[in-house]
Amino acid sequence: AEAALLEGFESTIAHNDRIEPRDWMPEGYRKTLVRQIAQHAHSEIIGMQPEGNWITRAPSLRRKAILLAKVQDEAGHGLYLYSACETLGTSRGELTEKLISGAQKYSSIFNYPTLSYADVGTIGWLVDGAAICNQVPLCRTSFGPYGRAMIRICKEESFHQRQGYELLMTMMRGTDEQRAMVQESVDRFWWPALMMFGPPDAESPNTAQSMAWGIKRNTNDDLRQRFVDMSVPQAEALGVTLPDPELKWNEERQAHDFGQPDWDEFMAVVRGNGPCNAQRIAHRRAAHEDGAWVREAALAFAARSHDTTTS
Ligand code: ACO
């Protein structure tokens, strides 16, 4: 019986059809999806912190309204993704526990501090730009609920990317001091943005199997290349320099050659030793504990409504 089920699963994957929550799936497929979707959801939630840091200090009402909307969108993305993950037989409570105990990861990028308002623009341009590059192909991922969540998320990410680019463009038309702020911010975020795509293919233990299952549609290095090629003309239009002396157009490959990020730094951040890891988790843990009364009240209310409807 198992062999027939596996055959059905493999044929769905081979036809590029979607696997849905009630379909049979190999345990490894389920585990990989829970790992990736949970990590993705946690990234959205932790990702609210670096930018949330600037909401009370936005330079104008317009900038504040944009930033507030953006940070709220990230919360929404986290919720769609936790819901997609719950269809695989886990719960949001369990996933939150795993985030705050360090058992599950979130993207390395959110462990870097936001030191100036230009960082809000740079995060929109480069970090959300990298996220779009990585996530557009995930709209075609083989697991239905994940792919459908990605479609909505990508639409909103495009808005996030545009607001960041527009913010930086405005600053670049400003004073020398503002232009210097933008350049300094780009210098700090460029390499961490390249790290978002994960380790080089040769050191990525999960890529081959995830591609065979149609969970990932491209390798880490392919997407990193796509991102570099996309960013270079945008940097030129903006008037900033990307901090990579090895960056240059390769006529033969019809793509840019570029330098490698510091992979030791990446590993340190992923293991919990980046500049803000401890602060991010402590903040998330405190928010979860502060919200305990809301969860209790909601449960008590649900229990009481249940009593009145059944009695
Ligand atoms: N930050 C933290 N951990 C990472 C990162 C990163 N940038 N890149 C890779 N890792 C982890 C992987 O989770 C994996 O750890 P695990 O096996 O303990 O779970 C390990 O490093 C090895 O990497 P890979 O074998 O390459 O892992 P994978 O095939 O899962 O690829 C990738 C990593 C590309 C991030 C993939 O999981 C993915 O596409 N995820 C969905 C997108 C996402 O999570 N985006 C979040 C940031 S964007 C945003 O929120 C705005």
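This structure is a prediction, so every number in the text was calculated from the model and none was measured.

### Observations concerning the layout of surface pockets
Link 1 in the chain: What the second largest pocket holds in volume is close to 480 Å³.
Link 2 in the chain: Lining the second largest pocket are 15 residues, with Ile45, Arg92, Arg284, Ala287 and His288 positioned closest to its centre.
Link 3 in the chain: Put simply, the parts of the chain that give the lining of the second largest pocket at least two residues each are helix H3 (48-52), helix H4 (61-86), helix H5 (92-100) and helix H12 (277-290).
Link 4 in the chain: Broken down by element, the residue count for the lining of the second largest pocket peaks at four residues, all from H12.
Link 5 in the chain: For the lining of the second largest pocket, the per-class residue count stands at six nonpolar, six polar and three charged.

### Overview of the site of the ligand
Link 1 in the chain: Near the ligand you find 28 residues, and of these Gln39, Lys105, Ser204, Lys216 and Asn220 are the closest.
Link 2 in the chain: The backbone of Ser108 places a nitrogen or oxygen atom 2.9 Å from a nitrogen atom of the ligand.
Link 3 in the chain: Within the backbone of Asn206, a nitrogen or oxygen atom sits 2.9 Å from an oxygen atom of the ligand.
Link 4 in the chain: For the ligand, whose accessible area on its own is 960 Å², the fraction buried by protein is 90%.
Link 5 in the chain: When contributions to the shell around the ligand are tallied by element, the ones reaching two or more residues are helix H2 (27-46), helix H6 (118-135) and helix H11 (263-273).
Link 6 in the chain: When residues in the shell around the ligand are grouped by element, the largest group, six residues, is from H2.
Link 7 in the chain: Grouping the amino acids of the shell around the ligand by side-chain chemistry returns 12 nonpolar, 12 polar and four charged.

### Things to note about the nonpolar core
Link 1 in the chain: Counting 41 residues, the largest nonpolar core has Tyr29, Leu33, Ile37, Leu81, Phe143 and Tyr146 as the members making the most contacts within it.
Link 2 in the chain: Of all the elements in the fold, those that place two or more residues in this core are helix H1 (2-14), H2, H4, H5, H6, helix H7 (144-172), helix H8 (176-195) and H11.
Link 3 in the chain: In terms of residue count, H2 provides more of this core than any other element does, eight residues in total.
Link 4 in the chain: Every residue in contact with Leu81, bar those within four places of it in the chain, is listed here: Ile37, His40, Ala41, Glu44, Tyr146, Ala149, Met150 and Ile153.

What counts and how
Residues numbered from 1 in each chain as written. Predicted model: local features only at pLDDT ≥ 70, side-chain atom pairs only at ≥ 80, totals over all residues. Heavy atoms only, no water. 1 Å grid on protein atoms, 1.4 Å probe; cavity = no way out; pocket = protein on both sides within 12 Å on 5 of 7 lines; lining within 4 Å. Points joined across faces, edges and corners; volume = space filled by probe spheres on them. Helix = DSSP H or I, 4+ residues; strand = E, 2+ residues; numbered from the N terminus. Nonpolar A, V, L, I, M, F, W, Y, C, P; charged D, E, K, R; others polar. Near = heavy atom within 4 Å. Polar contact = N/O pair within 3.5 Å; in protein donor to acceptor, adjacent residues only side chain to side chain. Areas by Shrake-Rupley, 256 points an atom, 1.4 Å probe, with all protein chains shown as cover. Core = buried A, V, L, I, M, F, W, Y, C linked by side-chain atoms within 4.5 Å. Buried < 20%, exposed > 50% of the residue type's maximum accessible area, 1.4 Å probe, protein only. Contact = heavy atoms within 4.5 Å.

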